[in-house]
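Each chain, written out:
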Amino acid sequence: MSKKYAIGVDYGTESGRALLVDAATGEEIASHVTVYPHGVIDEQLPGSEVRLEPDWALQHPLDYMEVLKQSIPAVLKESFVKPDSVIGIGIDFTACTMLPLNKAGVPLCELDEWKDNPHSWVKLWKHHAAQEEATRINALAEERGEAFLSRYGGKLSSEWMLPKVHQILNEAPEVYEAADLFMEAADWVTMQLTSVMTRNSCTAGYKANWHKGDGYPSEAFLKALDPRLEHLTSTKLRGSIASIGTKAGDLNQQMAEAIGLLPNTAVAVGHIDAHAMVPAVGVVTPGKLVLTMGTSTCHLLLSDKEIHADGICGVVEDGIVAGYYGYEAGQSAVGDIFAWFVNEAVPSEVKQAAQQQNVSVHEWLEQQAAQSRPGESGLLALDWWNGNRSVLMDADLTGLIVGLTLQTKPAEIYRALLEATAFGTKKIIEAFQAGGITVDELYACGGLPQKNRLLMQIYADVTGREIKIADSVQTAALGAAMHGAVAAGAEAGGYDTIADAAMHMARVKDETYKPIPENVQAYQQLYEAYSTLHHYFGEENKQLMKDLKKLRLKG
Ligand SMILES: Nc1ncnc2c1ncn2[C@@H]1O[C@H](COP(=O)(O)OP(=O)(O)O)[C@@H](O)[C@H]1O
Ligand SMILES: O=C(CO)[C@@H](O)[C@@H](O)COP(=O)(O)O
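Worth saying up front: this structure is predicted, and the values here are computed from it rather than measured.

Thresholds applied
- Residues numbered from 1 in each chain as written.
- Chains lettered and ligands numbered in written order.
- Predicted model: local features only at pLDDT ≥ 70, side-chain atom pairs only at ≥ 80, totals over all residues.
- Heavy atoms only, no water.
- 1 Å grid on protein atoms, 1.4 Å probe; cavity = no way out; pocket = protein on both sides within 12 Å on 5 of 7 lines; lining within 4 Å.
- Points joined across faces, edges and corners; volume = space filled by probe spheres on them.
- Domains from an automatic or database assignment.
- Nonpolar A, V, L, I, M, F, W, Y, C, P; charged D, E, K, R; others polar.
- Contact = heavy atoms within 4.5 Å.
- Buried area = accessible area lost by both parts, 1.4 Å probe.
- Salt bridge = Lys/Arg side-chain N within 4 Å of Asp/Glu carboxyl O.
- Polar contact = N/O pair within 3.5 Å; in protein donor to acceptor, adjacent residues only side chain to side chain.
- Near = heavy atom within 4 Å.
- Areas by Shrake-Rupley, 256 points an atom, 1.4 Å probe, with all protein chains shown as cover.
- UniProt positions renumbered as here; feature names shortened; annotations may be inferred.
- Helix = DSSP H or I, 4+ residues; strand = E, 2+ residues; numbered from the N terminus.
- Phe/Tyr/Trp six-rings, centres within 6.5 Å; stacked < 30°, edge-to-face > 60°.
- Buried < 20%, exposed > 50% of the residue type's maximum accessible area, 1.4 Å probe, protein only.
- Core = buried A, V, L, I, M, F, W, Y, C linked by side-chain atoms within 4.5 Å.
- Arc of directions from axis to C-beta.
- Axes fitted to C-alpha atoms, helices over the stretch in contact; angles between N-to-C directions.
- Parallel < 35°, antiparallel > 145°, perpendicular 65-115°, else oblique.
- Left-handed = near helix turned anticlockwise from the far one by under 90°.

S.K.: For empty space enclosed by the protein, give the residues involved together with the corresponding values.
M.R.: In this structure the tally under the stated criterion is four cavities of 30 Å³ or more. Approximately 70 Å³ is the volume found for the largest cavity. As for the largest cavity, its lining consists of 13 residues, of which S157, N388, R389, D394 and A395 are closest to the centre. Mapping the lining of the largest cavity onto the domain boundaries places at least three of its residues in each of domain 1 (5-279 + 476-506) and domain 2 (335-467 + 511-554). Of the pockets and cavities examined, the second largest cavity occupies roughly 60 Å³. Considering the residues around the second largest cavity, the lining is formed by M161, E184, D187, R199, T203, A204, K207, A208, Y216 and L237. Taken together, the residues of the lining of the second largest cavity break down into five nonpolar, one polar and four charged.

Shown next as structure tokens:
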């Protein structure tokens, strides 16, 4: 049989990329990135005077189509692979990234009537303006003893579907009314490719509180939240939910022409970016915690038990790999914190020094920071620049650096920020263990492990564990391509299960990061201090950060 290929399309926060891989080996043949023409819309609506409130983050749905139209032809061209050799496509997306559609499946923001209303646009995962709604949902669910709440560590995040839909209803009831469907962008793009309306078990489970046995939160609960929401799940969230690892449909004629593939190419059901990475590092069995480290970090783990643990974002059956319970926890900013420091807080001398050495500011800071010992700077930070997703699940918490003096150097602050994110990950590992969910091994993937060696050594030292690193830099896109190969099936040159695909297509590097004993010891002391700050600002006195944030929002 001639060589067969699969394409994965990974939709990130700032850009989307297509990766063409050899379906037999997972070898990456060609990739292409399309930066979203409208990027993250967080100040003003495109082509309009309408300004956005703080904490808003929107996107333009046509940017997603642009990725398909630019990046898929580009990988075909670069690789000289013929369309008839491509057996399947899979896509993965940030989530909950959701949008309202009219009856024809057209995003409301594309219509003149709605384009000036911010609520008609795609709400990106990091749209954090629905915290009030999330708080209300959590309080009501707790008061009513709703069973679904404990599957999500006792709290829903403001990033998820229900708070976002509720915010639309509260602030723009006319948009709510006009929406025939609210969909995850992952499912909307899949629908554009196949003309089939399917929701996937991963986003439905983690982001819309759907359960394989119990379905969505009950109508009685939704009615108590707001009578207008009573029939939400059977109307605007309607649609069959397909397990990840299955086929959504065949590529339709119109999209086949637009992206240069053959009609009837198999298309997998959509997936979340982080979750798609798990089989792409070869993890298809319990006990192996996968850290997907980029703009944010997700912590993903398989288990054969359903346990409701405090501080864990969610447990979903068939949510990551079919046949297992998939657990998710996360930190809503990691690379974004380092980016903030580099962009907003670094003096010009540092930028010049980096330029002179022909390295990026990140690399220069890493080199300098690597020369000091753990704790040497006297600095300690809380990693809550974009709130705390796990274990406190509170988007209104903010960042903190303690120990600054007149002698503090930029590289010392950078190192404290790297360390803070590692401490946040250790808190999450402890929450898994405390909940009775075993963590035996650590794997890391996403952009960061390949960009910053110091960061990965700090994670090994802080957690006291060896860390295996993905071989691919495009782990999410590789995971999506693997799902494309499974959608095509073994007979077509793909696979029947994601475990089979992982056996042939996934890889980790030979080199691992191992903990250095003296650093492990030093970090134990710093971690205790981190835990004290964590408790003080995140639990005992959490109003302090919230009041400060309110003052900022008022101003
Ligand atoms: N050398 C570096 N060290 C630490 N962080 C870095 C470095 N280079 C880039 N970053 C951060 O990595 C993040 C991007 O990660 P990546 O995985 O590529 O993207 P995404 O999460 O959007 O898929 C950005 O937040 C950026 O600030
Ligand atoms: O929330 C999730 C996954 O549950 C992610 O989609 C979200 O954090 C975005 O991740 P990245 O932008 O890839 O870091």
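S.K.: Hey, could you go over the domain arrangement of the protein chain for me, with residue numbers and the actual values?
M.R.: Domain annotation of the protein chain identifies domain 1 (5-279 + 476-506) and domain 2 (335-467 + 511-554). Between the C-alpha centres of domain 1 and domain 2 there is a distance of 30 Å. Of the residues lining the interface, 14 residues belong to domain 1; the matching set on domain 2 comes to eleven residues. At the boundary of domain 1 with domain 2, total buried surface from both sides reaches about 1,100 Å², with 50% on carbon and sulfur atoms. A salt bridge links K126 to D336, with the shortest nitrogen-to-oxygen separation between them at 3.3 Å. The interface formed by domain 1 and domain 2 holds six residue pairs in polar contact (both at pLDDT 80 or more) in total. Of the residues belonging to the side of domain 1 that touches domain 2, the class tally is six nonpolar, four polar and four charged.

S.K.: Let's hear about the site of ligand 2: which residues, and what values?
M.R.: Close contacts around ligand 2 come from 13 residues, with T13, K207, D273, S296 and E328 the closest. At 3.0 Å, a backbone N or O of A95 approaches an oxygen atom of ligand 2. Take K207: an N or O atom from its side chain is 2.7 Å from an oxygen atom of ligand 2. Protein coverage of the free-state accessible area of ligand 2, which is 380 Å², stands at 92%.

S.K.: Can you lay out the UniProt feature "domain: Carbohydrate kinase FGGY C-terminal" (unreviewed entry) in the protein chain for me, pointing to particular residues and giving the numbers?
M.R.: According to UniProt, the feature "domain: Carbohydrate kinase FGGY C-terminal" (unreviewed entry) maps to residues 290-488 in the numbering used here. With 41% helix and 19% strand, the stretch residues 290-488 has end C-alpha atoms that lie 26 Å from each other.

S.K.: Report on the site of ligand 1, specifying residues and quantitative values.
M.R.: Taken together, the neighbourhood of ligand 1 is formed by 13 residues, with T295, G335, G447, K451 and N452 sitting nearest. Between ligand 1 and the protein, one listed contact pairs an oxygen atom with a backbone N or O atom of D336 at 3.3 Å. Side-chain polar atom of K451 to an oxygen atom of ligand 1: 2.6 Å apart, as the coordinates give it. Out of a free accessible area of 590 Å², ligand 1 has 76% covered by protein chains. Counting residues per element, the ones that place at least two in the shell around ligand 1 are helix 10 (335-344) and helix 14 (448-451). Ranked by residues supplied to the shell around ligand 1, first place goes to helix 10 with four residues. For the shell around ligand 1, the residue count by class is five nonpolar, six polar and two charged.

S.K.: Outline the packing of aromatic side chains, supporting the account with residue identities and numerical values.
M.R.: Within this structure, the stated rule accounts for 17 aromatic pairs. Geometrically, the ring pair formed by Y36 and Y64 is edge-to-face, given 5.7 Å between the ring centres and 75° between the ring planes. One end of the pair, Y36, is in the loop between strand 3 (28-35) and strand 4 (58-59); the other, Y64, is in helix 1 (residues 61-79), and 28 residues separate them in sequence. For Y64, a relative accessible area of 0% translates into the label buried. Here F423 and Y527 contribute two aromatic rings whose centre-to-centre distance is 5.9 Å and whose plane-to-plane angle is 45°, an arrangement assigned as tilted. Of this pair, F423 sits in helix 13 (residues 410-434) while Y527 sits in helix 18 (residues 517-540), and the two are 104 residues apart along the sequence.

S.K.: Pulling in residues and values, what's your account of the nonpolar core?
M.R.: Counting 68 residues, the largest nonpolar core has Y327, F338, L365, F432 and I467 as its most contacted members. If one sorts the elements of this core by residue count, helix 13 sits on top with 13 residues. Filtering out sequence-adjacent residues up to four positions away, L365 remains in contact with F341, V342, V346, V350, P410, A411 and Y414. Listed in part, the 41 residues of the second largest apolar core include A6, V283, V290 and M482.

S.K.: Can you explain the environment of A274? Please cite residues and give values.
M.R.: Positionally, A274 belongs in helix 9 (residues 273-280). Sequence separation between A274 and S85 is 189 residues; the distance between their C-alpha atoms is 28 Å.

S.K.: Tell me about helix 17 (residues 498-505), and name the residues and values.
M.R.: A turn of α-helix holds 3.6 residues, and therefore any two residues three or four places apart point the same way. Where helix 17 is concerned, the buried positions are I498, A501, A502 and M505. Buried residues of helix 17 fall within an arc of 100° about the axis and therefore sit on the same side. Buried residues along helix 17 sit in contact with strand 2 (15-22), helix 9 and helix 16 (475-488).

S.K.: Could you give an account of the packing of helix 16 against helix 17, naming the residues involved and the relevant values?
M.R.: Two numbers describe how helix 16 lies on helix 17: the axes approach to 9 Å, and their chain directions differ by 125°. Regarding the angle of helix 16 to helix 17, the classification is oblique. Note on packing geometry: the crossing formed by helix 16 with helix 17 is right-handed. Touching L478, M482, H483, A485 and V486 of helix 16 are I498, A501, A502 and M505, all from helix 17. Considered class by class, the residues forming the contact of helix 16 with helix 17 number eight nonpolar, one polar and no charged.

S.K.: Pulling in residues and values, what's your account of the environment of S531?
M.R.: With respect to the element layout, S531 can be found in helix 18. Distance from S531 to G424, taken between C-alpha atoms, is 9.4 Å for residues 107 residues apart in sequence.

S.K.: Give a detailed account of the pattern of salt bridges, specifying residues and quantitative values.
M.R.: Across all of its chains, the model carries 21 salt bridges by this definition. A salt bridge links D318 to K212; the nearest nitrogen and oxygen atoms lie 2.8 Å apart. Residue D318 is found in the loop between strand 16 (314-317) and strand 17 (325-331), and its partner K212 is found in the loop between helix 6 (201-207) and helix 7 (219-225); the two are separated by 106 residues along the sequence. Here K212 falls in the partly exposed class, since its relative accessible area comes to 46%. One network of salt bridges, with partners in common, ties together D55, D396 and K549.

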